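Here's the letter readout for the chains.
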Amino acid sequence: MKKVLPILLCLCLVGCSTTTEETTSATTPPSETTTSQTTEAPETVEATTEETTEETTTIPTTSYTGSTEYELVFEDDFDGDELNTDNWNYEQHNPGWVNNELQFYYASEDNIYVENGDLVIQPLKVVDESGNIEYSSGRINSWLKQDFLYGKVEARIKVPHGDGFLPAFWMMPTLNSHYGNWPRCGEIDIMEIVTNNPTTCYGGIHYGNSHRQNQGSMTLTDGNFADEYHVFTLEWEPGRITWYVDDIEMYTTDDWYCKSEGGKLTPYPAPFDQQFYIIFNVAVGGDWPGDPTDSTVFDESAQMRVDYVRVYQRPWYDENVTAPVDYDGVAG
């Protein structure tokens, strides 16, 4: 049994990139393959051609009731006049950094700001006199400021309208070299929505050597994720990760593995037994959503708005868990 507490370091990294090029940007596209829960791809940050498994749930279904054992350990309601840099870092990256995306990520109040109790990430398009187009957007993370091992992580979010956007709420390991560079280090995608189809959201994990992805999805029967706020929740425990949308279970998985570059198997539940940090961003273009179209408008309708983000943890977690029988072909 292990006591788990968040790291609350106040290292100010505003305006700096806090991830490396081995870090994926949570934009791996799903395929139409639905034959298994895990798939393989060449080991690459821009792995955009692997087969993936989607498990789709149509609302309504059984509601998640939560647990009275959880304790609130972190909350940001974005109620101030500016982003709280005790909790968040700005990231800056050039276009094409991952997944052939088109945007610059700037540490700019034009792209990232707090308004009316929301974090706002605003993609923008600028056309110069010669007709050259520049896209910009925002990406923030909680690296070395709010890092967590296990818990329930949730945010209330409204995503952009229009073709060519990929808003994401996701997590990466604090020390991505602990088990090796991506994908060996692991990645947890809590919410991704391709806004060309704003009725469906995706959640999943990346891991393995070579790259594998477990992914589930949920399709709304009424409305869409761009017209109103929805609550996206991850319940992360030793040996099991579960996703919810508005307290409705979307997907659960316990089947992953971790191998070193040399192929040595690391004991389960690695790599998802280390601290991770939170990321919010909106990508423009790229391999999954495709480019913006002539109908895409870069006004308020293009914003991702986050009402709050919260993390709950239990007082302790039992990490004495057994790998599934099909854990990379090794009996549990």
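Attention in this report is confined to the structure presented alongside it. (Residues numbered from 1 in each chain as written. Predicted model: local features only at pLDDT ≥ 70, side-chain atom pairs only at ≥ 80, totals over all residues. Heavy atoms only, no water.)

Let's talk about the pattern of salt bridges
And step 1. Scanning all chains against the criterion turns up 11 salt bridges.
And step 2. For Arg139, the salt bridge identified is with Glu91, shortest N-O distance 3.0 Å. Placement of Arg139 in strand β11 (residues 139-141) and of Glu91 in the loop between β5 (89-90) and β6 (103-105) is noted, with a sequence separation of 48 residues between them.
And step 3. Asp254 is paired through a salt bridge with Arg240; the nearest N and O atoms lie 3.8 Å apart. Taken as a pair, Asp254 in the loop between β20 (248-253) and β21 (276-284) and Arg240 in strand β19 (residues 240-245) lie far apart in primary sequence, 14 residues in all.
And step 4. Asp254 gets classed as partly exposed once you look at its relative accessible area, which sits at 27%.
And step 5. The exposure class assigned to Arg240 is partly exposed, which follows from its relative accessible area of 38%.
And step 6. Ionic contacts of the salt-bridge type, sharing partners, join the residues Glu69, Glu235, Glu237 and Arg314 into one network. (Salt bridge = Lys/Arg side-chain N within 4 Å of Asp/Glu carboxyl O. Helix = DSSP H or I, 4+ residues; strand = E, 2+ residues; numbered from the N terminus. Buried < 20%, exposed > 50% of the residue type's maximum accessible area, 1.4 Å probe, protein only.)

Remarks on unusual backbone geometry
Most peptide bonds take the trans form, and the phi angle of most residues other than glycine is negative.
And step 1. Ser210 follows Asn209 through a cis peptide bond whose omega is 15 degrees.
And step 2. Take Ser210: it is sitting in the loop between β16 (200-207) and β17 (211-219).
And step 3. For the bond from Ala270 to Pro271, the omega torsion is 5 degrees, close enough to zero to count as cis.
And step 4. Within the chain, Asn99 stands out as a residue other than glycine whose phi angle is a positive 55 degrees.
And step 5. Of note in the backbone geometry, Asn116 takes a positive phi value of approximately 50 degrees without being a glycine.

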